[in-house]
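# A structural walkthrough
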Amino acid sequence: MTVWLARWLGPLLLVSLWGLSAPASLLRRLGEHIQQFQESSAQGLGLSLGPGAAALPKVGWLEQLLDPFNVSDRRSFLQRYWVNEQHWVGEDGPIFLHLGGEGSLGPGSVMRGHPAALAPAWGALVISLEHRFYGLSIPAGGLEMAQLRFLSSRHALADVVSARLALSRLFNVSSSSPWICFGGSYAGSLAAWARLKFPHLIFASVASSAPVRAVLDFSEYNDVVSRSLMSTAIGGSPECRAAVSAAFAEVERRLRLGGAAQAALRSELSACGTLGSAENQAELLGALQALVGGAVQYDGQAGAPLSVRQLCGLLLGGGGNRSHSTPYCGLRRAVQIVLHSLGQKCLSFSRAETVAQLRSTEPQLSGVGDRQWLYQTCTEFGFYVTCGNPRCPFSQLPALPSQLDLCEKVFGLSALSVAQAVAQTNSYYGGQTPGANQVLFVNGDTDPWHVLSVTQALGSSESALLIRTGSHCLDMAPERPSDSPSLRLGRQNIFQQLQTWLKLAKESQVKGEV
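What this report covers is the structure whose coordinates are included nearby. Remember, predicted model here, so these are calculated numbers, not experimental data. (Residues numbered from 1 in each chain as written. Predicted model: local features only at pLDDT ≥ 70, side-chain atom pairs only at ≥ 80, totals over all residues. Heavy atoms only, no water.)

### Re the packing of helix α8 (residues 220-229) against helix α11 (residues 278-297)
Using the following cut-off: Only the stretch in contact is used when fitting a helix axis, every axis being a line fitted to C-alpha atoms; angles between N-to-C directions are given from 0 to 180 degrees. Numbering of helices and strands runs from the N terminus, with a helix taken as a DSSP run of H or I at least four residues long and a strand as a DSSP run of E at least two residues long. Crossing handedness is read from the near helix: turned anticlockwise from the far helix by less than a right angle, it gives a left-handed crossing, and turned clockwise, a right-handed one. We call two residues in contact whenever any of their non-hydrogen atoms come within 4.5 Å of each other. Classification convention: Asp, Glu, Lys, Arg as charged; Ala, Val, Leu, Ile, Met, Phe, Trp, Tyr, Cys, Pro as nonpolar; all other residues, Gly among them, as polar.
Relative to each other, α8 and α11 sit at 65°, their axes nearing to 10 Å. Crossing geometry of α8 relative to α11 is assigned as left-handed. Together, Tyr221, Asn222, Val225, Ser228 and Leu229 of α8 and Gln289, Val292, Gly293, Gly294, Val296 and Gln297 of α11 make up the contact between the two elements. The residue inventory of the contact of α8 with α11, partitioned by class, reads five nonpolar, six polar and no charged.

Shown next as structure tokens:
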């Protein structure tokens, strides 16, 4: 990698160097790592030191109101966006707007995967918009509570509206050009909600792995993880799921023994916090859950440290001396592989250190945004993964109360207020029956988040696509020769849906001219 290229991709590569701050954040670290792995492929980005350099995306900044709902408050911040004009035909060509979510958004967001891969077919202009309070789009003043009250999905949607109007002027976009939103995960929900709330500005949306139903106790996540660990289609088996249960039972046995067994466990599983207290033990067990859940959530994706097939191989003694191998040894090896891949030394920290890191109001260079996302879960979404039912193969720790306790300790928000916020979110957006037309919901049945999305069509213009063996946001990833037939078919269906929408937009343009 040249010095120039390293500088250009630098902000993307910092993410995997930042330490964990909470057990559930391991899932976010994995997601960021996979995204950056895919985005930083020079070949895939079309980067070169020769003539191709002219095709590099451009970065820009929009001045946005900090409080768009208060006309008397003129405070503002700069919101980053990326533009790829390589395929744009201009005039009435469509605009593909890729919405950012709970993390930094890099140039790969307009160069790789969809919507970028779909742009050439229709001569689309591709723009991506980084979410307020994440990446480099953080308002001056840091992340104090007084500032965070301007962080919500509603504020983000207001940014989409003002960005759409400002960018139309900046790029001289025709008033008849259709704007189509794309997004994955939380940003997928934003894409659907943008069409729901502003149908006069957003013509259609593709919402990938979008958890549109907020939920306090997300026990269903581990129900899907359990099923996926048994799925032979992705390398799982009933024996693998049993091995996961055995490995976690062994971890809990050693925790109960205390003393030397506990000290050895701390070393073997890279726990950087002492394990004498129940809350520190819950931190470790939560991180281990996230490690296994992450193998399922990101199964088969480029840059993922472990697939389900690889994880099951480790737990069942593959790749080593089977006579001396146990599920616990396999779990140890899985921890080593994931930490090495993420460039981290610690799987978990003490609860006190977790709270201290989340209380820090200084923006982190990594752009991962743990404090910001915790705030959004406490004030809008919940999404707290638990393991309280008998089908769950993990430990019952950490339980929901300890996760809600973070909202209290970090932000002073009570469990009751969190529950009320989750209910209000579903009331405002409609949960899994949002009622938006010209939205395509795309999910994979391996992805634990699909149970919070729309997986069956809610009408002729609110479509749903469920990709067999598909993992989280897999449809948005760059194409690979190893892509499954179901994924290829899914992408064809997305293409056909776009074709239908853009034909409809063209017909509307013609009628408007008559």
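### Points about the side chain of serine 189
Relative to the helices and strands, serine 189 resides in helix α7 (residues 186-197). Those residues in contact with serine 189 that lie beyond four places of it in its chain are Ala210, Pro211 and Val212.

### A few points about unusual backbone geometry
Keep this limit in mind: Throughout, exposure labels follow a simple rule: accessible area from a 1.4 Å probe, protein chains only, divided by the maximum for the residue type, with under 20% read as buried, over 50% as exposed, and the rest as partly exposed.
The linkage connecting histidine 114 with the following residue, proline 115, adopts the cis geometry, with an omega of 20°. Assignment of secondary structure puts proline 115 in the loop between β3 (95-99) and α4 (119-122). Residue proline 398 is bonded to the preceding leucine 397 through a cis peptide linkage, with omega at -5°. Tracing the chain through its elements places proline 398 in the loop between β8 (382-384) and α16 (400-411). For serine 185, which is not a glycine, the phi torsion comes out positive at approximately 65°. Tracing the backbone through its elements, the reader meets serine 185 in the loop between β5 (179-184) and α7. Residue classification places serine 185 among the buried residues on the basis of a relative accessible area of 14%.

### Remarks on the pairing of β5
As a reminder of what qualifies: Pairing between two strands is assigned when DSSP locates at least 2 bridges connecting them. We call a crossover right-handed when, viewed with the strands running away from us, the connection from the first strand over the helix to the second turns clockwise.
The buried count for β5 comes to six of six residues, which makes it a mostly enclosed element. Of the two faces of β5, the one holding Trp179, Cys181 and Gly183 and the one holding Ile180, Phe182 and Gly184 are both buried throughout. Of the pairings in the sheet, the one linking β3 to β5 comprises four bridges and is parallel in character. Opposite isoleucine 95, over in β5, you have tryptophan 179 as the bridge partner. For β5 and strand β6 (residues 204-208), the ladder comprises five bridges, and the chain directions are parallel. Considered in β6, the bridge of isoleucine 180 is made with alanine 204. Regarding the hand of the β-α-β motif, the stretch spanning β5, α7 and β6 is right-handed.

### Here's the deal with the pattern of salt bridges
As a reminder, the rule being used: Any Lys or Arg side-chain nitrogen found within 4 Å of a carboxyl oxygen on Asp or Glu counts as a salt bridge.
Inspection of every chain in the model, using the stated rule, returns 15 salt bridges. In this structure, the salt-bridge partner of arginine 254 is glutamate 250, at a minimum N-O distance of 2.7 Å. Within this pair, arginine 254 and its partner glutamate 250 are both found in helix α9 (residues 238-257), separated by four residues, close to a single helical turn. Residues aspartate 405 and arginine 351 are paired through a salt bridge, measuring 3.7 Å at the closest nitrogen-oxygen approach. Placement of the pair is aspartate 405 in helix α16 and arginine 351 in helix α14 (residues 351-359), with a sequence separation of 54 residues. Here the residues in one salt-bridge network are Glu250, Arg253, Arg254, Glu268 and Arg332, joined through shared partners.

### What to know about the packing of α14 against α16
For clarity, the threshold we go by: When an angle is under 35 degrees it counts as roughly parallel; over 145 it counts as roughly antiparallel; between 65 and 115 it counts as roughly perpendicular; any other value is oblique.
With their axes 10 Å apart at the nearest point, α14 and α16 run at an angle of 45° to one another. With respect to each other, α14 and α16 are oriented oblique. As α14 runs across α16, the sense of the crossing is right-handed. Every residue of α16 that contacts α14 at Arg351, Thr354, Val355, Leu358 and Arg359 is listed here: Ser402, Asp405, Leu406, Lys409 and Val410. A breakdown of the residues in the contact of α14 with α16 according to their chemical character gives four nonpolar, two polar and four charged.

### Description of the state of the cysteines
Our working rule: In plain terms, two cysteine sulfur atoms within 2.5 Å form what is called a disulfide here.
Within this structure, the stated rule accounts for four disulfides. The disulfide partner of cysteine 240 is cysteine 312, and the S-S distance across this bridge is 2.0 Å. Between cysteine 240 and cysteine 312 the sulfur-sulfur dihedral comes to about -80°; the bridge is accordingly left-handed. Taken together, the residues cysteine 240 in helix α9 and cysteine 312 in helix α12 (residues 308-315) connect sequence positions 72 residues apart.

### Observations concerning the nonpolar core
Worth spelling out the cut-off: In this description, a nonpolar core means a group of buried Ala, Val, Leu, Ile, Met, Phe, Trp, Tyr and Cys residues linked to one another through side-chain atoms lying within 4.5 Å. How far each domain reaches was decided by an automatic or database domain assignment.
With 115 residues, the main nonpolar core has Ile127, Val251, Leu288, Val292 and Leu347 as its most contacted residues. Both domains that meet at this core, namely domain 1 (56-213 + 431-511) and domain 2 (216-424), each give it at least three residues. Those residues in contact with leucine 288 that lie beyond four places of it in its chain are Phe248, Val251, Leu269, Leu331, Val335 and Leu347. Membership of the second largest hydrophobic core comes to 25 residues, among which are Val110, Met111, Val126 and Ile467.

### Examining the sheet that holds strand β4 (residues 125-129)
Taking strand neighbours across the sheet as the criterion, the eight strands line up as β1-β2-β4-β3-β5-β6-β9-β10 in an open arrangement whose pairing is mixed. Edge positions in the sheet fall to β1 (58-65) and β10 (462-467), since each has one partner strand and no second. Geometrically, the sheet is characterised by an average inter-axis angle of 20° between neighbouring strands, direction not taken into account. Across the sheet, helix α6 (residues 153-170) is in contact with β1, β2 (76-84), β3, β4 and β5; its angle to β1 comes to roughly 125°. Contacts from α7 reach β3, β5, β6 and β9 (439-444) within the one sheet, and its direction differs from that of β5 by about 155°.

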